[in-house]
Structure formats: structure tokens, C-alpha cells
Amino acid sequence: MSAIDDLPPLRDVIATYELRARKALGQNFLLDLNLTSRIARIAGDLSGTDVIEVGPGPGGLTRGLLAEGARKVLAIEKDSRCLPALEQIARAYPGRLEVIEGDALKIDPLAHLSPPIAICANLPYNVGTELLVRWLTPEVWPPFWSSLTLMFQKEVAERIVAQPGSKAYGRLAILSQWRTDARIALHLPPEAFTPAPKVSSAVVHFTALPEPRYPADPKVLERVVATAFNQRRKMLRAALKGLAPDIEDHLTAVGIAPTERAERVPLEGFCALARSLASG
């Protein structure tokens, strides 16, 4: 459907520009424009807001964001085949869409945008987690963005909102819940995409907190959490022994049993451990 604007339906766009999704780029296109508009609305009131979109593909979500009133969309697209389709959208929304060809992991978007800034994207599966961790762990907080509205595989989304003691609880849950309010806002079945992936997807909305829930150095916390959950079946004293020779003392000092396993330690405990290690 193309009821949100006067541009052609996305299936016609894909046919015109021969945009078959490439597995190597983690592409799965969302073609229902009513659905992309719904995702854009999850991001909240976008009027007066610049939006970063990574991996727009043929531009379904791009059109949703613009139709829902985003002041400007900065679309970062690695696949040059998609550029003509995005240029067509730019002509339909004069002055409101800027397209950059390149790798989102290597591009600094801030030179192109003005606050307030939101990020909304159907992230390519192969870079989604890495981008999320980068957005969650800047040295300075609050970050340049006010909210993230991101689509992931359902399994990744569940890891983001997981609680201590669950199998899904780990690095993503801690980093997400440390500095944001994160919630799953929408579930999407495989058949919503072209081509249909083998797994379901979900949209997660993150709202940046004014301050982290507990103080901690982001680099230290990220290193502690990554190390702890890399060997999650081990006791923490064994999993973390490479971080400090006296790791048992640090664990005991912050009230964590050295024999505990990572999946049972709450966010507050990991932040306290990161502070202890940072102070020596």
C-alpha cells in the first residue's frame, strides 16, 4: 500500500530498481507502508526532531518517518543499489531527507544533524548488536540521541529486556537497562518481510535516562559484563580472573559471592563491581 504518500508501492520500487535483498548485507525488506508508519509512530512525536536511519533499503521506514513528520531523516545506506530509490523519496520530501552512502559503523552522523535527535531503524542483522552497544556506551551521558526505536531478531529483543535469572539475561540486558528504559513495542512475524527470514522480529523502544541508574565507567562495565557472560556457566571468580588477580576480593567487597554465576547478578551488582575495579 502507498496511502501514506504519493510515491509508488514498495513492491513496484523494488521491481523498478531490481532491489533483491542481499543476505550478505543482512537485508530483509519491510514492504507494508502502514506497518512502517506504525513503527515510526512508536518513536513518538518526531516533529522538530532529526532522525538517523541505518540501512533504509528501498525506503519503507524512511517514508514512514517523513510522513509522520520527522524534521529531517539522515539515511545511511551501504548498498549503492538502493540510492536511486532513496533519491526518489528525497525529491518527494524536499530538504527533509539526506542520504549518505557508507558503513554506519564508520560514519559520524552528528555533522549532518541538529538536536533533538532520535534513531529509528530496521537494523541489518549483521551489525545491529554492535551499533546498539556503541549507542549505549558513550563516555558522555546523556547521549546525542533522545530515543532509539530499533528492529531486531526476536531473540535479541528478548535479551535486551531480560531480567536476572533468565536464560536471556546478559550483556545486552545490562547495558540497555543501565542507561535507558527499554521495552518491546511490536512483534513482527517472518512473513512481514521480503524475503521472509527464518525467525520473528521485534521492535524495541529505548528512552535515554537523564543519568545511568547506577554510577559506573562505561568501558569498565562493558568489559566486566562481556567477560562475565562469555563464560556464563563458570563461577564469577573463574570467569573474571583475567580482569584482576584479586577478583575475589572485589566481588566480596561489593556483596557478590565469588561462587555466583553471572546470570544471577543484578545490574546494581555489576555496576558496583565495575566501580571497585576502576578504583583499583
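Residues numbered from 1 in each chain as written. Predicted model: local features only at pLDDT ≥ 70, side-chain atom pairs only at ≥ 80, totals over all residues. Heavy atoms only, no water.

Q: Run through the overall build of the protein chain, naming residues and quoting values.
A: The helix and strand tally for the protein chain stands at 11 helices and 9 strands. A globule of 280 residues ought to have a C-alpha radius of gyration of about 19 Å, and the protein chain, at 20 Å, matches this closely. Along the longest, intermediate and shortest principal axes, the C-alpha atoms of the protein chain span 65 × 40 × 25 Å. Evaluated residue by residue, the protein chain yields a buried proportion of 51% over its 280 residues. At a minimum sequence separation of 6, the contacts of the protein chain that also span at least 24 residues come to 70%. (Helix = DSSP H or I, 4+ residues; strand = E, 2+ residues; numbered from the N terminus. Rg over C-alpha atoms; globule rule 2.2 N^0.38 Å. Buried < 20%, exposed > 50% of the residue type's maximum accessible area, 1.4 Å probe, protein only. Contact = heavy atoms within 4.5 Å.)

Q: I'd like to hear about the packing of aromatic side chains, residue by residue, with values.
A: With the rule as written, the count across this model stands at 3 aromatic pairs. Measuring from ring centre to ring centre gives 5.9 Å for Tyr169 and Phe229, while their planes differ by 80°; the resulting arrangement is edge-to-face. With Tyr169 in the loop between helix H6 (154-160) and helix H7 (171-179) and Phe229 in helix H8 (residues 218-230), this residue pair connects regions lying 60 residues apart in the sequence. For Tyr169, a relative accessible area of 1% translates into the label buried. In this structure Phe229 comes out as buried when scored by relative accessible area, which is 11%. Pairing Phe229 with Phe270 gives two aromatic rings, centres 5.6 Å apart and planes at 40°, and the pair type is tilted. Residue Phe229 is found in helix H8, and its partner Phe270 is found in helix H11 (residues 267-278); the two are separated by 41 residues along the sequence. Grouping aromatic residues by their ring pairs yields a cluster made of Tyr169, Phe229 and Phe270. (Phe/Tyr/Trp six-rings, centres within 6.5 Å; stacked < 30°, edge-to-face > 60°.)

Q: Residue-level account of the side chain of Glu222, with values.
A: As for its placement among the helices and strands, Glu222 is situated in helix H8. Within the structure, the side chain of Glu222 is placed 2.6 Å from the side chain of Arg171, a separation counted as a polar contact. Setting aside chain neighbours within four positions, we find Glu222 in contact with Val133, Thr137, Arg171 and Leu175. (Polar contact = N/O pair within 3.5 Å; in protein donor to acceptor, adjacent residues only side chain to side chain.)

Q: Residue-level account of the sheet that holds strand E6 (residues 147-153), with values.
A: Read across the open sheet, the 7 strands follow the order E4-E3-E2-E5-E6-E9-E7; overall the sheet is mixed. Pairing within the sheet leaves two strands with one partner each, and these edge strands are strand E4 (97-101) and strand E7 (180-188). Neighbour to neighbour, the strand axes of the sheet diverge by 20° on average, direction disregarded. In this structure, E7 lies alongside strand E9 (residues 201-208), joined through 8 bridges in antiparallel fashion. (Pairing = 2+ DSSP bridges. Axes fitted to C-alpha atoms, helices over the stretch in contact; angles between N-to-C directions.)

Q: Which residues make up the nonpolar core, and what values go with them?
A: One finds Leu132, Trp135, Leu150, Phe152, Leu221 and Phe270 to be the most contacted residues of the largest nonpolar core, which totals 58 residues. Apart from residues no more than four positions distant in its own chain, Phe270 is found in contact with Tyr169, Ile174, Leu221, Val224, Val225, Ala228, Phe229, Ala262 and Val265. Among the nonpolar cores identified, the runner-up in size contains 35 residues, and Leu31, Leu97, Phe193 and Val203 belong to it. (Core = buried A, V, L, I, M, F, W, Y, C linked by side-chain atoms within 4.5 Å.)

Q: Any chance you could break down the packing of H8 against H11 for me, citing the residues and the numbers?
A: At their nearest, the axes of H8 and H11 sit 9 Å apart, and the two run at 115° to each other. The way H8 lies across H11 gives a crossing that is right-handed. The residues of H11 that touch H8, namely those facing Val220, Leu221, Val224, Val225, Ala228 and Phe229, are Phe270, Cys271, Leu273, Ala274, Leu277 and Ala278. When the residues that make up the contact of H8 with H11 are grouped by side-chain class, the tally is 12 nonpolar, no polar and no charged. (Left-handed = near helix turned anticlockwise from the far one by under 90°. Nonpolar A, V, L, I, M, F, W, Y, C, P; charged D, E, K, R; others polar.)

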